[in-house]
Amino acid sequence: MPPVGPRSGDAIFANVERVNAELFTLTYGAIVRQLLTDLEEVEEVNKQLDQMGYNIGIRLIDEFLAKSNVSRCVDFKETAEVIAKIGFKMFLGVTASVTNWDADGTCCSIVLEDNPLVDFVELPDTCQGLYYCNILSGVVRGALEMVSMKTEISWIRDMLRGDDAFELQVKLLKQVPEEYPYKDDE
Amino acid sequence: MAAIYSLYIINKSGGLIFYKDYGSSGRMDTNDSLRVASLWHSMHAISQQLSPISGCFGIELLQADTFDLHCFQSLTGYISLLFFFLSKKVTRMIQGTKFFVVCEPGTQHMEGLLKHIYELYTDYVLKNPFYEMEMPIRCELFDINLTQAIQKDRVALLAR
Amino acid sequence: MIGVGKIKQYSNVLDKPLSKGKQEVSLSAFAFLFSELVQYNQTQVDNIAELERRLEDAGYAVGARVLELLCHRDKGNRRETRLLGILSFVHSTVWKVLFGKVADSLEKGTEHEDEYMISEKELLVNRFISIPKDMGTFNCGAFVAGIVRGVLDGAGFPAVVTAHFVPVEGQQRPRTTILIKFAEEVLRREARLG
């Protein structure tokens, strides 16, 4: 078979089976509600959402690779672009952009133009500390870990907290070298 | 005559998590298949070491006089440390999930079939809440869809 | 930044125009989320009955909101007040919006006057799910049963709703039947309305 290049996020999204975003949004809302009831502390809910996202990320990455034809990314920069342009589009039907690179190319922001998780949502006074979309940061972290990139991810902007966009900061902690044999005994 | 003899799925640490025999006349029992799988895992890793240039992902096709073995490895994986005592080298390499089919020599379109099996795995194994990562695959829907895929493949072969 | 200007901010979620409900996400995104919902709830329970109850609770929260949303958007702030009307609303409107299709069938129970069944050859939430043998008759459709109960309850038709696998002749896979057993008061009211 001739090598096939990566497919665009739009092309993949157009070809996969889709469901009404409201089912997704309301189901996610039900999960957050359950966590708030079970765990009580908002901080614990943030942690659990991140963990659930991580669990999804380590599974979802295989589907991403299978359907997108993306092969190994040469560097973190390319990886970030692929997540934003193909990943978010292919699963959530939304486009994201990559911005705010730091000088050494190990930290950037993914900015979401639209976010199906937050339709109908407003944070009540009791949940001001909640990172409602924390599952997303977990997904990205989990998925990247499975392609040997350890990252730290945090929310810079959150529209539910009055910001003008959703901005995820992705910081590469270490990329484990894969291909180069290294000698330990010398 | 069956074109495809058997299918193996090996997890990231070399354990056999799925094995199906499609008519290799029952030569293997469970222990045999487990042993063969772990040997293949190591051979696959060694082949990466044999490569004269870096960036090798391992054996894709192995041919013998009575069968072909096609292997597909996912890009996801843990970094494992392999110790080569003779060369005293410690090597880190990616060990992904490996899928391999054993088939009649010269059977065509096995790459496509393996890719399809990988997709079935992402659907019916990874999206199943009762599947624990890296554990043996016991998912009825995966079995059903796999059987269909292999049958379709046979039909395609007969039609040629 | 390209396209970022698209986001419009509203100080209050109520000022935001209600979406038309045409937006979509991939089935995979939903399937992974649902799988995680099931996995999380498994960590919170000791037995299968509890797991069913918790999935049903999660579904209930969805159903209650779907009722509000659809009555407002699709029915001009009106809702069904009769038993057959609300059942057909669930079977057709709710199903179409949530699962992209009308449910395969809506039937009246043959043995009990107060029972109705909505059946689906393959429930969307079960698409990728194989139930392990040791979990017996457990069905993740409990979540959908919860949605149905949420809709019915919100509309004033309290009922007990459960999900069951039903074997189908000649088919490898069983279908799922959502069994609705209405509360006595509902049937009394229906009788009064004639």
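The structure displayed is predicted, hence computed values, not measured ones.

Conventions we followed
- Residues numbered from 1 in each chain as written.
- Chains lettered and ligands numbered in written order.
- Predicted model: local features only at pLDDT ≥ 70, side-chain atom pairs only at ≥ 80, totals over all residues.
- Helix = DSSP H or I, 4+ residues; strand = E, 2+ residues; numbered from the N terminus.
- Rg over C-alpha atoms; globule rule 2.2 N^0.38 Å.
- Buried ≥ 20, exposed ≤ 12 C-beta atoms within 10 Å, placed from the backbone.
- Contact = placed C-beta atoms within 7 Å.
- Nonpolar A, V, L, I, M, F, W, Y, C, P; charged D, E, K, R; others polar.
- Pairing = 2+ DSSP bridges.
- Core = buried A, V, L, I, M, F, W, Y, C linked by C-beta atoms within 7 Å.
- pLDDT = per-residue confidence, 0-100.
- Axes fitted to C-alpha atoms, helices over the stretch in contact; angles between N-to-C directions.
- Expected span 1.5 Å × (residues − 1).

Colleague: Explain the overall build of chain A here, please?
Modeller: The helix and strand inventory of chain A stands at five helices and five strands. Along the chain direction, N to C, the helices and strands of chain A fall in the order α-β-α-α-α-β-β-α-β-β. The C-alpha atoms of chain A give a radius of gyration of 17 Å, which matches the 16 Å a tight globule of 186 residues would have. Counting all 186 residues of chain A, 46% fall into the buried class. Taking the intrachain contacts of chain A between residues at least 6 apart in sequence as the baseline, contacts between residues at least 24 apart amount to 61%.

Colleague: Sorry, what's going on with the overall build of chain C here?
Modeller: A tally of regular secondary structure across chain C gives five helices and five strands. Going from N to C terminus, chain C has its helices and strands arranged as β-α-α-α-β-β-α-β-β-α. When the backbone C-alpha atoms are referred to their principal axes, chain C occupies close to 60 × 45 × 35 Å. Looking at chain C as a whole, 39% of its 194 residues are labelled buried. When contacts within chain C are restricted to residue pairs at least 6 apart in sequence, those whose partners lie at least 24 apart make up 56%.

Colleague: Sorry, what's going on with the interface of chain B and chain C here?
Modeller: For interface size, the figure often reported is the accessible area lost on association. Each side of the interface is counted separately: chain B has 12 residues, and chain C has 11 residues. Of all the secondary structure elements, the ones that give two or more residues to the side of chain B that touches chain C are helix H2 (110-124) and helix H3 (140-159) of chain B. Examining the composition of the side of chain B that touches chain C, we find that four residues originate from one element, H3 of chain B, more than from any other. A per-class count over the side of chain B that touches chain C returns seven nonpolar, one polar and four charged.

Colleague: What is the right way to read the pairing of strand S5 (residues 175-182) of chain C from this model?
Modeller: Both faces of the sheet carry side chains from a regular strand, because those side chains alternate between them. Residue and element names in this part refer to chain C. The buried fraction of S5 amounts to six of the eight residues, a majority that puts the element mostly inside the structure. Across six bridges, the pairing between strand S3 (residues 115-120) and S5 is antiparallel. When the bridges of S5 are listed, Ile-118 appears paired with Ile-178. Direction of pairing for strand S4 (residues 159-166) relative to S5: antiparallel, over a ladder of eight bridges. By the bridge assignment, Phe-165 is partnered in S5 with Thr-176.

Colleague: How should I be thinking about the nonpolar core in this particular structure?
Modeller: General note: in soluble globular proteins, nonpolar side chains tend to be found buried as a group. Core analysis: the largest hydrophobic core is formed by 143 residues, its most contacted members being Phe-24 of chain A, Val-101 of chain B together with Phe-30, Val-66, Val-144, Val-148 and Ile-178 of chain C. Top contributing element to this core by residue count: helix H1 (residues 27-42) of chain C, with 10 residues.

Colleague: What is the right way to read the interface of chain C and chain A from this model?
Modeller: Facing the 35 residues of chain C at the interface are 41 residues of chain A. Sorting the residues of the side of chain C that touches chain A by element identifies strand S1 (24-26), H1, helix H2 (48-74) and helix H3 (83-99) of chain C as the ones contributing at least two each. Here the side of chain C that touches chain A is built from residues that sort into 21 nonpolar, 10 polar and four charged.

Colleague: What is the right way to read the confidence of the model for chain A from this model?
Modeller: Any segment with low pLDDT has predicted coordinates that should not be analysed in fine detail. Residue and element names in this part refer to chain A. When pLDDT is averaged along chain A, the result is 89, and 92% of the positions lie at 70 or above. Predicted confidence in chain A is weakest over strand S5 (residues 166-175), with a mean pLDDT of 91, and strongest over helix H2 (residues 21-39), with 97. Low pLDDT, under 50, characterises residues 178-186; the stretch is placed with 12 contacts to residues that sit more than four places away or in other chains.

Colleague: Could you clarify how one ought to interpret the environment of Tyr-22 of chain B in this entry?
Modeller: Residue and element names in this part refer to chain B. For Tyr-22, the position within the fold is in the loop between strand S2 (16-21) and helix H1 (30-50). What makes Tyr-22 partly exposed here is the crowd of 18 C-beta atoms within 10 Å. Put simply, Tyr-22 and Lys-98 are 76 residues apart on the chain and 19 Å apart in space, counted from C-alpha to C-alpha.

Colleague: Which parts of the structure should I look at to understand the sheet that holds strand S2 (residues 105-108) of chain C?
Modeller: Within a sheet, each strand pairs with its neighbour through backbone hydrogen bonds, oriented either parallel or antiparallel. Residue and element names in this part refer to chain C. Within the open sheet, the four strands sit side by side as S2-S3-S5-S4. Their pairing is antiparallel. Since the sheet does not close on itself, it has two edges, and those belong to S2 and S4, each with one partner. Averaged over neighbouring strand pairs, the angle between their axes works out to 20° when direction is ignored. The sheet contacts of helix H4 (residues 142-154) involve S4 and S5, and relative to S4 the element is tilted by about 155°.

Colleague: How should I be thinking about H2 of chain A in this particular structure?
Modeller: For an α-helix the count is 3.6 residues per turn, leaving residues at separations of three or four pointing the same way. With 19 residues, H2 of chain A should reach 27 Å at 1.5 Å per residue; the first-to-last C-alpha distance of 27 Å fits that figure. Of the residues one or two after H2 of chain A, Glu-40 of chain A is the one with positive phi, at around 65°.

Colleague: Could you clarify how one ought to interpret the confidence of the model for chain C in this entry?
Modeller: Predicted confidence across chain C gives a mean pLDDT of 91, with 91% of residues reaching 70 or more. Counting contacts from residues 1-7 of chain C, a segment whose pLDDT is below 50, to residues more than four positions away or on other chains yields 14 contacts.

Colleague: Whenever I open this one, the sheet that holds S5 of chain A confuses me. Can you help?
Modeller: Residues and elements named next belong to chain A. Strands sit in the order S2-S3-S5-S4 across an open sheet of four strands; the sheet is antiparallel. Edge strands, defined here as strands with exactly one partner in the open sheet, are strand S2 (96-99) and strand S4 (149-157). Direction aside, neighbouring strands of the sheet carry axes that sit 25° apart on average. When S2 meets strand S3 (residues 107-112), the two strands line up antiparallel, connected through four bridges. Across the sheet, residue Thr-99 finds its bridge partner in S3, namely Ser-109. Contacting S4 and S5, helix H5 (residues 134-145) runs over the sheet at an angle of about 160° to S4.

Colleague: I tried to follow unusual backbone geometry on my own but got confused; where do I start?
Modeller: Peptide bonds are, in most cases, trans, and in most cases residues other than glycine have a negative phi. For Phe-120 of chain A, which is not a glycine, the phi torsion comes out positive at approximately 70°. By secondary structure assignment, the location of Phe-120 of chain A is in the loop between S3 and H5. Residue Phe-120 of chain A is classed as partly exposed on the basis of its C-beta count, with 15 C-beta atoms lying within 10 Å. The phi torsion at His-109 of chain B lies on the positive side, around 65°, for a residue other than glycine. Within the secondary structure layout, His-109 of chain B lies in the loop between strand S7 (98-103) and H2.

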